[in-house]
Amino acid sequence: MSRATDARRLACEVGAVCRERRAHAGDILDARLQEADISSQDAAFARVLCLGVAATRGTLDEVLNLCMSSPSDVRPNVRDALRVSTYEILFLRKDSYAAVDQGVGLVRSVEPRASRLANAVLRKVARACESFPFADPATDDAALARLHGFPLWLAQLLIAQMGREQAGRFMAASNNAPVVYLAVNAVRSSTSRMKQVFGRRFAMDEVPLLSLGTGAQVPGDRMVPGALLAQDAQAVASSRAREAFAEGEILVSDAAAQFIAYLSLPEQRPYDFLEIGAGRGTKSVLLQSCAMRRWGEQVKLVPVDEHRFKIDLLRKRMNAYGCQLERAVSADARDLTKVFGARVFDAALVDAPCSGVGTLRRHPEIRWRLRPEEVNDLAKLQLELLVQAAEHVRVGGQLTYSTCTVLATENEFTVKRFLDTPIGANYRILPYGRDAEGKPVLFFKSRLEAQGCDAHFAARLVRVGE
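The model shown is predicted, which means the values in this text are computed figures rather than measured ones. (Residues numbered from 1 in each chain as written. Predicted model: local features only at pLDDT ≥ 70, side-chain atom pairs only at ≥ 80, totals over all residues. Heavy atoms only, no water.)

**Student:** How should I be thinking about the overall build of the protein chain in this particular structure?
**Tutor:** From N to C terminus, the protein chain includes 18 helices and 14 strands. What you see for the protein chain is a C-alpha radius of gyration of 24 Å, in line with the 23 Å of a compact globule of 466 residues. The C-alpha extent of the protein chain, read off along each of the three principal axes, is 70 × 50 × 45 Å. In the protein chain, which comprises 466 residues, the proportion classed as buried is 53%. Of the charged side chains in the protein chain, 62 are positive and 55 negative, and the gap between their average positions amounts to 2 Å. (Helix = DSSP H or I, 4+ residues; strand = E, 2+ residues; numbered from the N terminus. Rg over C-alpha atoms; globule rule 2.2 N^0.38 Å. Buried < 20%, exposed > 50% of the residue type's maximum accessible area, 1.4 Å probe, protein only. Lys, Arg positive; Asp, Glu negative; His and termini not counted. Charge placed at Lys NZ, Arg CZ, Asp CG, Glu CD.)

Now the structure itself:
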């Protein structure tokens, strides 16, 4: 029996921390890699294992339970190790002999007495792999869900919304490694300068709007303003990137998220801008960068988030990036009148809390932590935030609603419910663009693809009455 490799041991450790703390695998792995003395090859494989196990955890447990006589008797740390090897067998299609051998070694490293159990279970997993996903994915929903490591309820929701073929493509793309995009902060730098800084070794490509996959023709720019695609993901760890981050010249942000910040600014420069759901300030920086790029000056930005610690981080980040704030507010955005009274703004963005189903490549834990009832709860909250923000936009002003999910309950249906409210009756949808036949495309919806951006949604609305 071989000793488990450093990559597998690290993946097992990260899985245990995620289980105990409900932490994010990527965050824990990044922290551990800063301390670990392992090769770059092992580090890369550990990332594949960590994110893969997090993404397919429920399916791994389903198969493991089928291969055990008493699944509930298996200790959590042993299951952590078994998941790593089961992922290799089912999803990476590793040689079964080597995967079982390494798996037994991995279990032995956490619980020596469980070695025989591990050997028996993993051999059964290897045999089960021959018929996995146990039915035809072309006709069986459960098989399609297993094939891509999705919970059945979410797979069926996607199938009902997208159709089986498109849902299958979406689920497959959700298991790919995320693409690395950088946003150039126009307050401190320019796209041409950043391309020169990274040079040939870490070439950066500008991002065509067509690559977002919206299927709409948009007047004006043919590129996502300020967005760069890193051909080599390691570029963000380079000394050149560290210097640019330190100088506030760049930040990491998905290309679709960058374009939503651009869309959120109206055609005419707004005097003031209300941002709901500001978080740690990524969109805040993007908004001021887009304003600087378009008008040569920033806007009076008022970000709001309910978490005080996030607002504190936002203030520090905005200062580091040279971005201005009128004020940053820690408050419950479901009662904005308490904060702003009767004040109205020229424009507002509701960057709503959502299920995050469009970002599963970056946050693989979401699919197994999310529950069906939470989607409806989120939709109720999203509507509340949208109604409140709408009360604080002047007549003629623009209100933008955005999420990073593909679920219609949180996207189109929330917008429709808003338009049916008393305040929503004073708003009209501002189409995003036009399709190939010249018909208006009401909403911005980026398409998740293996080598593209995440799936984001945005609706622009204009207030036409009191």
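Further notes follow.
**Student:** Looking at this structure, how should I read the pattern of salt bridges?
**Tutor:** Side-chain pairs of opposite charge can arise whenever the charged atoms involved come near each other. Inspection of every chain in the model, using the stated rule, returns 31 salt bridges. With its nearest N and O atoms 2.9 Å apart, the salt bridge here joins Arg 146 to Glu 62. Pair noted here: Arg 146 is in helix α7 (residues 141-148) and Glu 62 is in helix α3 (residues 40-66), with a separation of 84 residues, a long-range link. Between Asp 346 and Arg 394 there is a salt bridge, with the nearest N and O atoms lying 2.7 Å from each other. Of the two residues, Asp 346 is situated in strand β8 (residues 345-351) and Arg 394 in strand β9 (residues 393-403); the sequence distance between them amounts to 48 residues. Assessed through its relative accessible area of 17%, Asp 346 is described here as buried. Connected through shared salt-bridge partners, Arg 19, Glu 20, Asp 61, Arg 79, Asp 80 and Arg 83 make up one network. (Salt bridge = Lys/Arg side-chain N within 4 Å of Asp/Glu carboxyl O.)

**Student:** Can you walk me through the packing of aromatic side chains in this structure?
**Tutor:** For any two aromatic rings, the description comes down to two numbers: the centre-to-centre distance and the angle of the planes. Counting across every chain of the model gives 11 aromatic pairs. When the ring of Tyr 432 is compared with that of Phe 444, the centres are 5.3 Å apart and the planes differ by 80 degrees; the resulting orientation is edge-to-face. Residue Tyr 432 is found in the loop between β10 (427-429) and β11 (433-434), and its partner Phe 444 is found in strand β13 (residues 444-445); the two are separated by 12 residues along the sequence. Assigned by exposure class, Tyr 432 and Phe 444 land together as buried. Taken together, the ring pairs in this structure connect Tyr 87, Phe 91, Phe 132 and Phe 134 into an aromatic cluster. Directly above the ring of Tyr 262 sits Arg 294, whose terminal nitrogen or CZ lies 5.0 Å from the centroid. (Phe/Tyr/Trp six-rings, centres within 6.5 Å; stacked < 30°, edge-to-face > 60°. Lys NZ or Arg CZ within 6 Å of the ring centre and 35° of its normal.)

**Student:** Explain the sheet that holds strand β2 (residues 204-208) to me, please; I cannot follow it from the model alone.
**Tutor:** Note: strands within a sheet are paired through backbone hydrogen bonds, in either parallel or antiparallel orientation. Sheet architecture is open: 4 strands sit in the order β2-β3-β1-β4, paired in antiparallel fashion. Bordering the open sheet on either side are β2 and β4 (250-252), each of which pairs with just one other strand. Each strand of the sheet is rotated relative to its neighbour by a mean of 40 degrees, with strand direction disregarded. The pairing of strand β1 (residues 181-184) with β4 spans 3 bridges and is antiparallel. Residue pairing in the sheet places Ala 183 in a bridge with Leu 251 of β4. Sitting on the sheet, helix α11 (residues 239-246) is in contact with β1 and β4, with an inclination near 105 degrees to β4. (Pairing = 2+ DSSP bridges. Axes fitted to C-alpha atoms, helices over the stretch in contact; angles between N-to-C directions. Contact = heavy atoms within 4.5 Å.)

**Student:** What should I look at first to understand the nonpolar core in this one?
**Tutor:** One broad trend across soluble globular proteins is that nonpolar side chains are buried collectively. Ranked by size, the top nonpolar core spans 44 residues in total, and within it Val 14, Leu 82, Val 84, Val 107 and Val 125 carry the most contacts. Contributions of two or more residues to this core are made by α1 (6-21), α2 (25-35), α3, α4 (76-90), α5 (96-110) and α6 (115-128). Here this core gets 9 residues from one element, more than from any other, and that element is α3. Leaving out residues up to four positions away in the same chain, Leu 82 has contacts with Leu 64, Met 68, Val 74, Val 107, Ala 118 and Leu 122. Listed in part, the 41 residues of the second largest apolar core include Leu 287, Cys 323, Val 441 and Cys 453. (Core = buried A, V, L, I, M, F, W, Y, C linked by side-chain atoms within 4.5 Å.)

**Student:** Can you walk me through the environment of Ser 355 in this structure?
**Tutor:** Here Ser 355 shows up in the loop between β8 and α16 (366-369). Put simply, Ser 355 and Ile 250 are 105 residues apart on the chain and 27 Å apart in space, counted from C-alpha to C-alpha. Residues contacting Ser 355, with those up to four places away along its chain left out, are Ile 366, Leu 370, Leu 378, Thr 405, Leu 407 and Glu 410. One polar contact links Ser 355 to Thr 405, side chain to side chain, over a distance of 3.0 Å. (Polar contact = N/O pair within 3.5 Å; in protein donor to acceptor, adjacent residues only side chain to side chain.)

**Student:** Is there a simple way to explain unusual backbone geometry in this structure?
**Tutor:** Generally, phi is negative for residues other than glycine and the peptide bonds are trans, each holding for most cases. Here the bond from Phe 132 into Pro 133 is cis, since omega is 10 degrees, no more than 30 degrees from zero. Even without glycine at this site, Arg 22 takes up a positive phi of about 55 degrees. Tracing the backbone shows Arg 22 in the loop between α1 and α2. Phi is positive for Arg 93, close to 55 degrees, though the residue is something other than glycine. Looking at where Arg 93 falls in the secondary structure, it is placed in the loop between α4 and α5.

**Student:** Can you walk me through the side chain of Arg 369 in this structure?
**Tutor:** With respect to the element layout, Arg 369 can be found in helix α16. Here Arg 369 occupies a buried position and makes no salt bridge, while the nearest side chain of opposite charge, Glu 365, is found at 5.2 Å. Of note is the side chain of Arg 369, whose polar atom sits 3.0 Å from the backbone oxygen of Arg 22. Filtering out sequence-adjacent residues up to four positions away, Arg 369 remains in contact with Cys 18, Arg 22, Ala 23, His 24 and Glu 374.

**Student:** When you look at the pairing of strand β3 (residues 223-230) in this model, what are you seeing that I'm missing?
**Tutor:** The two faces of a sheet get side chains in turn, since along a regular strand they alternate between them. For β3, the buried fraction is high: 6 of the 8 residues fall into the buried class. When β1 meets β3, the two strands line up antiparallel, connected through 3 bridges. Across the sheet, residue Ala 183 finds its bridge partner in β3, namely Ala 227. Sheet analysis places β2 next to β3, joined by 4 bridges and oriented antiparallel. Following the sheet pairing, Pro 208 is matched in β3 by Met 223.

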